[in-house]
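Each chain, letter by letter, is given below.
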Amino acid sequence: MPSTLPVFSVDDLPVGRFARLDGPEGKHAATVRRMRSGAQLMLSDGRGGLAECRVTDVARDALDLEVLRRERIPASEPRVRLVQALVKGDRGELAVELATEAGVDVVTPWRAERCVARWEEGPRGAKALARWRNSALQAAKQARRAWTPTVTEPYSTSGLAEVLADADAAFVLHESADAGLTDVELPAAGEIAVVVGPEGGVTEGELSSLASMGARPMRLGHEVLRASTAGAVLLGALGVLTPRWR
């Protein structure tokens, strides 16, 4: 995909030669990006499908497009699920943004014991989840990704058992771990799940519970990373140590 073309998100790619980009994305393209006739852009369905298009006409809040080519990008292998503890303020959204740019496939919010943010049931929790999902969508477009990460509903520690059970390898980042990333066996396919704790750290009880669910304690290095950056650093390392970047 040409790296200079702006990307706009659609639910489904157009099936014919011509299409219209309307709704919020069309309005943004026409009024904010000021796309003009003859300009080119990419449409992404967030599920690996891309369509390179040329603008044929500009309406007040929509673009008429001619589809020049279509492409389907395979998903990365192995998939990476980031189990991200809730972080207060906009640092949680930053964690999702950075992880998305680094290639994460699934983000699972985690209600850890030491989380300051709680995401209680109701409108406030729904708004917080919506902000994480929007951060993933916007970061995917900024990074020109063909795949937009899924941001799941939040989980309690006990609820993570079903998530970790489905993983082909599961780890929890912790500064007391004896093993580093290069010491553990990483699958070439399937799913790797990595748990990142809150700013206050993972409690001993949580560490024990996660270990019983199959999540092996692991450290990235000698330094202690912030909850908002650890996921992105890990994804970069996994890109090198697995076939994800090949």
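Residues numbered from 1 in each chain as written. Predicted model: local features only at pLDDT ≥ 70, side-chain atom pairs only at ≥ 80, totals over all residues. Heavy atoms only, no water.

## Observations regarding the overall build of the protein chain
Across its full length, the protein chain holds six helices and 11 strands. Rg of the C-alpha trace for the protein chain: 20 Å, near the compact-globule value of 18 Å for 246 residues, within the 12% margin. When its C-alpha atoms are laid out on the principal axes, the protein chain stretches across 60 × 40 × 30 Å. Counting over 246 residues, the protein chain shows a buried share of 49%. Long-range contacts, defined as pairs at least 24 residues apart, comprise 71% of the intrachain contacts of the protein chain with a sequence gap of at least 6. Summed over its atoms, the accessible surface of the protein chain is roughly 12,200 Å², and 48% of this surface lies on carbon and sulfur atoms. (Helix = DSSP H or I, 4+ residues; strand = E, 2+ residues; numbered from the N terminus. Rg over C-alpha atoms; globule rule 2.2 N^0.38 Å. Buried < 20%, exposed > 50% of the residue type's maximum accessible area, 1.4 Å probe, protein only. Contact = heavy atoms within 4.5 Å. Areas by Shrake-Rupley, 256 points an atom, 1.4 Å probe, with all protein chains shown as cover.)

## Quick look at the domain arrangement of the protein chain
Examined at the domain level, the protein chain breaks down into domain 1 (7-72) and domain 2 (79-241). Together, the buried faces of domain 1 and domain 2 total about 640 Å²; carbon and sulfur atoms form 57% of this surface. Our enumeration of links across domain 1 and domain 2 arrives at one salt bridge. Residue K141 pairs with E25 through a salt bridge whose shortest N-O separation is 2.9 Å. (Domains from an automatic or database assignment. Buried area = accessible area lost by both parts, 1.4 Å probe. Salt bridge = Lys/Arg side-chain N within 4 Å of Asp/Glu carboxyl O.)

## Structural notes on the side chain of E191
Examined against the element boundaries, E191 turns out to sit in strand β10 (residues 191-196). Side-chain polar atoms of E191 contact the side chain of R81, separated by 3.0 Å. Here E191 is in contact with R79, R81, A167, D168 and A169, once residues within four sequence places are set aside. (Polar contact = N/O pair within 3.5 Å; in protein donor to acceptor, adjacent residues only side chain to side chain.)

## Considering the UniProt feature "domain: Ribosomal RNA small subunit methyltransferase E PUA-like" (unreviewed entry) in the protein chain
In the numbering adopted here, UniProt assigns the feature "domain: Ribosomal RNA small subunit methyltransferase E PUA-like" (unreviewed entry) to residues 21-68. Helix makes up 21% of residues 21-68 and strand 46%, with an end-to-end C-alpha separation of 15 Å. (UniProt positions renumbered as here; feature names shortened; annotations may be inferred.)

## Observations concerning empty space enclosed by the protein
The final tally for this structure, using the stated rule, is one cavity of 30 Å³ or more. Size it by volume and the largest cavity reaches roughly 40 Å³. Every residue along the wall of the largest cavity is listed here: V7, S9, S44, L137, A140, K141, R145 and T148. Breaking the lining of the largest cavity down by element, the ones donating at least two residues are β1 (7-9) and α3 (123-142). Looking at the lining of the largest cavity, the element that brings in the most residues is α3, giving three residues. (1 Å grid on protein atoms, 1.4 Å probe; cavity = no way out; pocket = protein on both sides within 12 Å on 5 of 7 lines; lining within 4 Å. Points joined across faces, edges and corners; volume = space filled by probe spheres on them.)

## Observations regarding the pairing of strand β6 (residues 79-85)
Burial within β6 is extensive, with six of its seven residues counted as buried. Pairing geometry for β6 and β10, over six bridges, is parallel. Looking across to β10, one finds that Q84 is bridged to V196. Relative to strand β7 (residues 106-110), β6 is paired through five bridges, and the arrangement is parallel. (Pairing = 2+ DSSP bridges.)

## With respect to the nonpolar core
W110, L164 and L210 are the most contacted members of the largest nonpolar core, which has 48 residues in total. In contact with L210, not counting residues within four places along its chain, are W110, L160, L164, V172, V195 and A215. Counting 15 residues, the second largest nonpolar core, distinct from the first, contains V10, A30, L43 and A51. (Core = buried A, V, L, I, M, F, W, Y, C linked by side-chain atoms within 4.5 Å.)

## Section: the packing of aromatic side chains
This model, assessed by the stated rule, comprises one aromatic pair. Summarising the aromatic geometry, the rings of W119 and W132 are spaced 4.8 Å apart at their centres and angled 75° between planes, so their arrangement reads as edge-to-face. Within this pair, whereas W119 is found in the loop between β7 and α3, its partner W132 is found in helix α3, the two being separated by 13 residues in sequence. (Phe/Tyr/Trp six-rings, centres within 6.5 Å; stacked < 30°, edge-to-face > 60°.)

## A few points about the sheet that holds strand β2 (residues 18-21)
Taken together, the five strands give an open sheet; going across it, the order is β1-β3-β4-β5-β2, and neighbouring strands pair in mixed fashion. Each edge of the open sheet is held by one strand with a lone partner, namely β1 and β2. Neighbour-to-neighbour, the strand axes of this sheet turn through a mean angle of 40°, independent of strand direction. Two strands pair when backbone bridges link them, and β2 and strand β5 (residues 63-72) are joined in this way by four bridges, in the antiparallel orientation. Considered in β5, the bridge of A19 is made with L65. Each of β1, β2, β4 (49-58) and β5 touches helix α1 (residues 23-32); the most contacted strand, β1, lies at about 150° to it. (Axes fitted to C-alpha atoms, helices over the stretch in contact; angles between N-to-C directions.)

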